[in-house]
Amino acid sequence: MLDCTAVFPDNVKFTEADFFRASANDPVLSVETNKMTSPVNSTKRFVAYFSMEIALENAMPSYSGGLGVLAGDTIRAAADLRLPMVAVSLLYRKGFFTQRLAEDGSQSEDPVDWRVEDFLMEEPARATVPLENRRVELRCWRYSAMGVRGFDVPIYFLDADLPSNAEADRTLTGALYGGDPYYRLRQEVLLGIGGVRMLRALGYNELTRYHMNEGHAALLTLELLGEEARKAGRTSIRGEDIDKVRGKCVFTTHTPVPAGHDRFPMEFVTRVFPAGTEFLDLKDASSADLMKRVLQADENFSGLQEAARRGASLNMTQLALSLSTYVNGVAKQHGETSRQMFPEVPIEAITNGVHAGTWTSPSFRQLFDRYIPSWKEDNYSLRGALGLPAEEVWAAHLFAKHDLLEVVRQKTGLKFDPEAFTIGFARRATGYKRADLLISDLDRLRQIAKSAGQFQIIYAGKAHPNDGGGKDIIRRIFKAKKALRKTIPVVFLDDYNLDLGGKITSGVDLWLNTPQFPLEASGTSGMKAALNGVPSLSILDGWWVEGHIEGVTGWSIGESRRAAGGSAPTDNQAEAESLYSKLESVILPLYYNERAKFLGVMQHAIAINGSFFNTQRMVQQYITDAYLH
């Protein structure tokens, strides 16, 4: 998931109009175009973006999954909009992993080796972070995300792999989510506290809005509190410091899944910061209240050491919530779910998006360039997709489909039929995403293929190395693939990555999404498909609650459950039946017998969903609702 920090200088009167200035020659915004060269006035940035993972290039695997992809898309959109942002993440030299699948679908993982120097430029700046009784030195590597008008957003990857550090500290920027919870806490110290200190070392001294995504970067609030106390000549935190820091911070929660909200025993915290146990002035009412909130405790503690002795835990989400002036979920439905999880905090919603220029296939890019030439600069103009010649939309789709089926041939040796209806499902393999819902009744699938028309299925997705349930799902898909081989072609493409994800979301005829309600915070894969005219068949959760118009932009599985919240149990059998019924009675007949109407759904997917569910719109909402709030 993505952690961010955004800031505006106190002495600059920065208005909404400033964000949307068209002048590329503005002295504050003017930059060099070489992505490996520091921009002119590089410290005149107002938004600093902290993330545990940022996905930028397929060959640079310094990320894990969906949150990293969202981070990369957000930064690209900020560059397109000439938003003065700076981003910070950790550098993972081990990257994520290469997926290997045995004949029965058993997953094994190989480490990824990549050369940092091939993608990033080392900066001379250094920062140090206290860790236990040591000081860990950090350097950073820079990548510049270039926008469509030549503006860049610098991204700094923090690296502890320096000879001056102890061996255990050098590996803290080795692997994302690696090691035990104590390892993870130390990583988050480097990201939050080390990230702010590195920004200061780089000259970013006037940042005034800090945007944290998930609690991974929440410790940056402690560094900001310490800065405010030092300005006042104090060593402990009081209410006035809390008020100032709260006015600078924005927090986005990205998941309704408890595992996405880190909690660390206070014993870990006091071990990491042995000299910081008197950080809060607990005689101050605001400081005492803050401590109770972040520890989720009813009683008062005399200090951090007592809290550790009595088994209290630091809740990173509560730390971020307590020190933010604006909090949001990542879809309308997720905002409602988050308000139920954290009823004591007002939580808004800004629905996620995807970067249109990145996730549109080459054939559709060429089509949009011809008929909607401003689409990259103004994603809203994609609403004009309803006026595109239908035959050219179909031709662009066939090009994308051909590219995907060629990948299938290269990876598996199978030749899929380009005329056959193709269903795509490519997401992280984990229980709540239910990749196996489609194959829960193989006899029903055979009946549908016989009565309504042939179809083929393309799967992809990695399971986390420690997610045994996710690995079991992949094995079940392989078992179903074998059982269906005479009637329905099924493939599971290994080593899911950015490039393969783009091929699948653009090359299939239908995007399938089957999360267990209400566990899909947003989801962005269907948004990528929509940009390429691929409609969705999905559970009404996450973004699809907003993007779904039945028979116009796609189709729903089951009925809306928003009124029931997460209280009603999920009926897998009923939802599978809804999926099968829509496929058999509506979608396949439309595709094979009423192609013009199917093309109309494709064009509405672009015009309605592609024009709205993009990071350009999303970042503009953050600007108006959060950064200028």
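Predicted model only: the values in this text are computed from it and were never measured.

So, the overall build of the protein
(1) Moving on: Of regular secondary structure, the protein possesses 22 helices and 20 strands.
(2) Moving on: In terms of overall dimensions, the protein is globule-like: its C-alpha atoms have a radius of gyration of 25 Å, near the 25 Å expected for 629 residues.
(3) Moving on: Here the C-alpha coordinates of the protein stretch approximately 75 × 55 × 50 Å along the principal axes.
(4) Moving on: In the protein, buried positions account for 62% of the 629 residues.
(5) Moving on: Intrachain contacts of the protein at a sequence separation of at least 6 include 73% that bridge at least 24 residues.
(6) Moving on: Accessible surface, the protein as shown: approximately 23300 Å² in total, 50% of it carbon and sulfur.
(7) Moving on: Placing the 71 positive and 77 negative side-chain charges of the protein at their respective mean positions leaves the two points 1 Å apart.

A word on the sheet that holds strand β16 (residues 455–460)
(1) Moving on: Strands sit in the order β17-β16-β15-β18-β19-β20 across an open sheet of six strands; the sheet is parallel. On the outer flanks of this sheet lie β17 (490–493) and β20 (554–557), each paired with one strand and no other. Recorded for the sheet is a direction-independent mean angle of 20 degrees between the axes of neighbouring strands.
(2) Moving on: Strand direction decides the pairing type here: β16 and β17, joined by four bridges, are parallel. Of the residues in β17, the one forming a bridge with I458 is V491.
(3) Moving on: With respect to the sheet, helix α14 (residues 390–412) is in contact with β15 (421–426), β16 and β17, its orientation differing from that of β17 by roughly 80 degrees.

Quick notes on the packing of aromatic side chains
(1) Moving on: Applying the stated criterion across every chain yields a total of 18 aromatic pairs.
(2) Moving on: With centroids separated by 4.9 Å and ring planes inclined at 65 degrees, the aromatic side chains of F421 and Y591 adopt a geometry described as edge-to-face. Of the two residues, F421 is situated in strand β15 and Y591 in helix α20 (residues 572–593); the sequence distance between them amounts to 170 residues.
(3) Moving on: Under the relative-accessibility criterion, F421 is labelled buried at 0%.
(4) Moving on: Aromatic ring contacts, followed pair by pair, group W394, F421, W555, Y591, Y592 and F598 into a single cluster.
(5) Moving on: One residue, K528, lies across the ring of W359, its end atom 4.2 Å from the ring centre.
(6) Moving on: The aromatic ring of F612 is capped on one face by R617, whose charged end is 4.4 Å from the ring centroid.

Description of the pairing of β16
(1) Moving on: Within β16, six of the six residues are buried, which leaves the element mostly enclosed by the surrounding structure.
(2) Moving on: Alternating residues of β16 divide into F455, I457 and Y459 and Q456, I458 and A460, and every residue in both groups is buried.
(3) Moving on: Relative to β16, β15 runs parallel, the two being bridged by six bridges. Directly across from G424, in β16, lies its bridge partner I458.
(4) Moving on: A crossover links β15 with its parallel partner β16, the connecting element being helix α15 (residues 442–451), and its sense is right-handed.
(5) Moving on: Each parallel crossover has a hand, and for β16 linked through helix α16 (residues 468–484) to β17 it is right-handed.

Quick look at the confidence of the model for the protein
(1) Moving on: When the pLDDT values of the protein are averaged, the result is 90; 92% of them are 70 or greater.
(2) Moving on: Across residues 1–41, confidence stays below pLDDT 50; counting only partners more than four residues off in sequence or on other chains, it has 146 contacts.

A closer look at the pattern of salt bridges
(1) Moving on: Applying the stated rule across the entire model yields 44 salt bridges.
(2) Moving on: A salt bridge links R234 to E240, with the nearest nitrogen and oxygen atoms 3.6 Å apart.
(3) Moving on: For R234, a relative accessible area of 13% puts it in the buried group.
(4) Moving on: The closest approach of N and O atoms between D243 and R246, which form a salt bridge, is 3.5 Å. Here D243 pairs with R246, and both are found in helix α6 (residues 239–246), just three residues apart, close to one helical turn.
(5) Moving on: When salt bridges with common partners are traced through the structure, they connect R93, E122, R126, E137, R139, D159, D161 and R170 into a single cluster.

Side note on the side chain of T173
(1) Moving on: Tracing the chain through its elements places T173 in the loop between α3 (167–170) and α4 (181–201).
(2) Moving on: For T173, a relative accessible area of 1% gives the class buried.
(3) Moving on: Side chain to side chain, T173 and D159 meet in a polar contact 3.5 Å long.
(4) Moving on: Discounting chain neighbours no more than four positions away, the residues touching T173 are L90, L91, Y92, R93, L158, D159, A160, D161 and L190.

Some thoughts on the side chain of N513
(1) Moving on: Within the secondary structure layout, N513 lies in strand β18 (residues 510–513).
(2) Moving on: At 2.8 Å, the side chain of N513 and the side chain of R427 are in polar contact.
(3) Moving on: There is a polar contact of 3.1 Å between the side chain of N513 and the side chain of E520.
(4) Moving on: Non-local contacts of N513, meaning those with residues more than four positions away in its chain, are made with F425, R427, E520, L537, S538, I539 and I557.

Regarding the layout of surface pockets
One water molecule sets the probe size; rolling that probe over the atoms shows where empty space is left.
(1) Moving on: Within this model, the second largest pocket holds a volume of roughly 710 Å³.
(2) Moving on: In terms of lining, the second largest pocket is formed by 31 residues, of which the most central are I193, L222, F273, G276 and F279.
(3) Moving on: Among the elements of the structure, α4, α5 (220–231), α7 (266–272) and α8 (285–295) are those that each provide at least two residues to the lining of the second largest pocket.
(4) Moving on: Residue classes in the lining of the second largest pocket are distributed as 20 nonpolar, four polar and seven charged.

Some remarks on the environment of S324
(1) Moving on: Looking at where S324 falls in the secondary structure, it is placed in the loop between α10 (316–322) and β13 (326–329).
(2) Moving on: Along the chain, S324 and K248 lie 76 residues apart, while their C-alpha atoms are 7.2 Å from each other.
(3) Moving on: With near-sequence residues (within four places) excluded, S324 lies in contact with M212, R246, C249, V250 and F251.
(4) Moving on: Of note is the side chain of S324, whose polar atom sits 2.6 Å from the backbone oxygen of A320.

Topic: the nonpolar core
(1) Moving on: With 73 residues, the main nonpolar core has F50, L220, M266 and L295 as its most contacted residues.
(2) Moving on: With ten residues, α4 is the single largest residue contributor to this core.
(3) Moving on: Not counting the four nearest positions on each side in its chain, M266 is found in contact with L295, L304, A307, A308, A312, S313 and L314.
(4) Moving on: Membership of the second largest hydrophobic core comes to 70 residues, among which are I474, F492, M527 and L540.

A word on the environment of E306
(1) Moving on: With respect to the secondary-structure elements, E306 resides in helix α9 (residues 304–309).
(2) Moving on: Its relative accessible area of 16% is what places E306 among the buried residues.
(3) Moving on: It is 37 Å that separates the C-alpha atoms of E306 and Y204, two residues lying 102 residues apart in sequence.

As for unusual backbone geometry
(1) Moving on: Cis geometry is adopted by the peptide bond preceding P518, which originates at F517 and carries an omega value of 0 degrees.
(2) Moving on: When you line up the elements, P518 lands in the loop between β18 and α18 (525–531).
(3) Moving on: Residue E214 is not a glycine yet carries a positive backbone phi of 60 degrees.
(4) Moving on: Structurally, the position occupied by E214 is in the loop between β9 (209–213) and α5.
(5) Moving on: For Q296, which is not glycine, the phi dihedral falls at a positive 50 degrees.
(6) Moving on: Secondary-structure assignment places Q296 in the loop between α8 and α9.

What counts as what
- Residues numbered from 1 in each chain as written.
- Predicted model: local features only at pLDDT ≥ 70, side-chain atom pairs only at ≥ 80, totals over all residues.
- Heavy atoms only, no water.
- Helix = DSSP H or I, 4+ residues; strand = E, 2+ residues; numbered from the N terminus.
- Rg over C-alpha atoms; globule rule 2.2 N^0.38 Å.
- Buried < 20%, exposed > 50% of the residue type's maximum accessible area, 1.4 Å probe, protein only.
- Contact = heavy atoms within 4.5 Å.
- Areas by Shrake-Rupley, 256 points an atom, 1.4 Å probe, with all protein chains shown as cover.
- Lys, Arg positive; Asp, Glu negative; His and termini not counted.
- Charge placed at Lys NZ, Arg CZ, Asp CG, Glu CD.
- Pairing = 2+ DSSP bridges.
- Axes fitted to C-alpha atoms, helices over the stretch in contact; angles between N-to-C directions.
- Phe/Tyr/Trp six-rings, centres within 6.5 Å; stacked < 30°, edge-to-face > 60°.
- Lys NZ or Arg CZ within 6 Å of the ring centre and 35° of its normal.
- Right-handed = clockwise from strand over helix to strand, strands pointing away.
- pLDDT = per-residue confidence, 0-100.
- Salt bridge = Lys/Arg side-chain N within 4 Å of Asp/Glu carboxyl O.
- Polar contact = N/O pair within 3.5 Å; in protein donor to acceptor, adjacent residues only side chain to side chain.
- 1 Å grid on protein atoms, 1.4 Å probe; cavity = no way out; pocket = protein on both sides within 12 Å on 5 of 7 lines; lining within 4 Å.
- Points joined across faces, edges and corners; volume = space filled by probe spheres on them.
- Nonpolar A, V, L, I, M, F, W, Y, C, P; charged D, E, K, R; others polar.
- Core = buried A, V, L, I, M, F, W, Y, C linked by side-chain atoms within 4.5 Å.

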